[in-house]
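Listed below, chain by chain, are the residues.
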Amino acid sequence: MSTAKVLFGFHAVGVRLKTAPQSVVEVYYEVARKDARMRQFLERAREAGVRLIEADALRIAKLAGSHGHQGVAARVEPLPAARSLDDLLDTVEGPPLLLVLDGVTDPHNLGACLRVADGAGAHAVIAPKDHAVGLNATVAKVASGAAETVPYFMVTNLARTLGELKERDIWCIGTSDDAPRTVFQADLKAPVALVLGAEGPGMRQLTRKTCDELVSIPMRGAVESLNVSVASGICLYEALRQRT
């Protein structure tokens, strides 16, 4: 049990029940909640053969470390460690599509980025170890299952990793407000890594210099920038549009 971690929320726990039920140690559910969504969830959990434990909302909140648990939390064993980025890229069929996040430290933003990456079919999300948030329960909850499906690699030196991607002929495209071309004018059909910084400060200077190209997202209103997960969605889905 010492290696077990906690997932909470219907989506996060439900995806683990679907993809790796054998890794679910036990599921806690709010016994006072008897709506259709809870009934369907419990039916799925029973079909998976996992241990169910009745609990009140406060106990689940303490377990999850959050009151946004929706009445569901689970203790789960960690899944096998993700392959290395190199191993992953060796197995990708077709042009790789990667999302690189520089300086995203908010778990809600990371969770939303992972969800977008999953939806757009990105092969992986990459972030630096010293300027990023790790995969915690809040990230998994916001990601709605995508934290279980999208490989997330935290690297020691982001600039060096971008250089290694370029050696694989993966074009590194950063986003910047002052870029001369928009993301809609870039060629995203080729192997590409889309590099985005945190809202406000953006990419670090070394990351910016390491990119092959900079593009902007057109802004027509009064706000100066978009949330990083929204910007990720625009860029990734433009790549998907160009590729389909």
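Each value, and the rule that gives it
- Residues numbered from 1 in each chain as written.
- Predicted model: local features only at pLDDT ≥ 70, side-chain atom pairs only at ≥ 80, totals over all residues.
- Heavy atoms only, no water.
- UniProt positions renumbered as here; feature names shortened; annotations may be inferred.
- Helix = DSSP H or I, 4+ residues; strand = E, 2+ residues; numbered from the N terminus.
- Buried < 20%, exposed > 50% of the residue type's maximum accessible area, 1.4 Å probe, protein only.
- Phe/Tyr/Trp six-rings, centres within 6.5 Å; stacked < 30°, edge-to-face > 60°.
- Salt bridge = Lys/Arg side-chain N within 4 Å of Asp/Glu carboxyl O.
- Expected span 1.5 Å × (residues − 1).
- Arc of directions from axis to C-beta.
- Pairing = 2+ DSSP bridges.
- Right-handed = clockwise from strand over helix to strand, strands pointing away.
- Domains from an automatic or database assignment.
- Contact = heavy atoms within 4.5 Å.
- Buried area = accessible area lost by both parts, 1.4 Å probe.
- Axes fitted to C-alpha atoms, helices over the stretch in contact; angles between N-to-C directions.
- Parallel < 35°, antiparallel > 145°, perpendicular 65-115°, else oblique.
- Left-handed = near helix turned anticlockwise from the far one by under 90°.
- Nonpolar A, V, L, I, M, F, W, Y, C, P; charged D, E, K, R; others polar.

Per an unreviewed UniProt entry, the protein is named 23S rRNA (guanosine-2'-O-)-methyltransferase RlmB, and its organism is Ramlibacter pinisoli. The UniProt entry for the protein carries the following text under Sequence similarities (unreviewed entry): "Belongs to the class IV-like SAM-binding methyltransferase superfamily. RNA methyltransferase TrmH family. RlmB subfamily." Checking UniProt for the protein, the heading Subcellular location (unreviewed entry) contains the comment "Cytoplasm".

Draft legend 1. Just the environment of Glu 164, in detail. By the secondary structure assignment, Glu 164 is in helix α8 (residues 158–167). What makes Glu 164 partly exposed here is its relative accessible area of 39%. Sequence separation between Glu 164 and Asp 86 is 78 residues; the distance between their C-alpha atoms is 9.3 Å.

Draft legend 2. Representation of the packing of aromatic side chains within the structure. Under the definition given, this model contains one aromatic pair. Ring centres of Phe 10 and Phe 41 lie 5.6 Å apart, and the angle between their planes is 70°; this geometry places the pair in the edge-to-face category. Within this pair, whereas Phe 10 is found in helix α1 (residues 10–19), its partner Phe 41 is found in helix α2 (residues 36–48), the two being separated by 31 residues in sequence. Across the pair, exposure class does not vary: Phe 10 and Phe 41 are buried alike.

Draft legend 3. Summary view of the pattern of salt bridges. In this structure the tally under the stated criterion is twelve salt bridges. A salt bridge links Arg 51 to Glu 26; its shortest N-O distance comes to 2.8 Å. Residue Arg 51 is located in the loop between α2 and β3 (52–55), and its partner Glu 26 is located in strand β2 (residues 24–30); the two are separated by 25 residues in the primary sequence. Residue Arg 51 is classed as exposed on the basis of its relative accessible area, which comes to 52%. What makes Glu 26 buried here is its relative accessible area of 5%. Of the charged contacts in the structure, one is a salt bridge between Asp 178 and Arg 208, with a shortest N-O distance of 3.0 Å. Here Asp 178, found in the loop between β8 (171–175) and β9 (181–182), pairs with Arg 208, found in helix α9 (residues 205–210); they are 30 residues apart in sequence, far enough to count as distant. With a relative accessible area of 54%, Asp 178 lands in the exposed category.

Draft legend 4. Examining α2 more closely. In a regular helix each residue adds 1.5 Å, so 13 residues correspond to 18 Å; α2 covers 18 Å between its end C-alpha atoms and thus fits that length. Within the sequence span of α2, burial applies to Met 38, Phe 41, Leu 42 and Ala 45. Down the axis of α2, the smallest arc covering the buried residues is 100°, so these residues share one side. Facing away from the buried surface of α2 by more than 90 degrees, the exposed residues are Arg 39, Gln 40 and Glu 47.

Draft legend 5. Expanded view of the pairing of β3. Taking every second residue as pointing to the same face, the buried face of β3 carries Ile 53 and Ala 55, while none of Leu 52 and Glu 54 on the other face is buried. Of the pairings in the sheet, the one linking β2 to β3 comprises four bridges and is parallel in character. The partner of Tyr 28 across the bridge, within β3, is Ile 53. Since β2 and β3 lie parallel, the crossover through α2 that links them has a hand, and here it is right-handed.

Draft legend 6. Main features of the domain arrangement of the protein. Under the domain assignment used here, the protein contains domain 1 (5–76) and domain 2 (85–243). Here the C-alpha centre of domain 2 lies 31 Å away from the C-alpha centre of domain 1. Contacts between the two partners involve twelve residues from domain 1 and, on the opposite side, eight residues from domain 2. In total, domain 1 and domain 2 occlude about 790 Å² of area from one another, counting both sides; carbon and sulfur atoms represent 65% of this. Per-residue buried area on domain 1 facing domain 2 is highest for Phe 8, His 11 and Val 15; these three make up 47% of the total on that side.

Draft legend 7. Geometry of the packing of α1 against α2. Axis separation between α1 and α2 bottoms out at 10 Å; the angle between their running directions is 25°. Viewed along their axes, α1 and α2 adopt a mutual orientation that is roughly parallel. Judged by the twist between their axes, the crossing of α1 over α2 is left-handed. Here α1 contributes Phe 10, His 11, Val 13, Gly 14 and Leu 17 to the contact with α2, which in turn contributes Arg 37, Met 38, Phe 41, Arg 44, Ala 45 and Ala 48. Of the residues belonging to the contact of α1 with α2, the class tally is seven nonpolar, two polar and two charged.

Draft legend 8. Representation of the sheet that holds strand β1 (residues 5–8) within the structure. Here four strands make up an open sheet; going across it, the order is β1-β4-β2-β3 and the pairing mixed. At either margin of the open sheet sits one strand with a lone partner, and together these are β1 and β3. Here the strands of the sheet are splayed against their neighbours by 25° on average, with no regard to which way each runs. Against the sheet, α1 makes contact with β1, β2 and β4 (72–76), and its axis sits at roughly 115° relative to β1, the strand it touches most. Sheet strands touched by helix α3 (residues 57–64): β1, β2, β3 and β4. Its angle to β2, the strand with the most contacts, is close to 140°.

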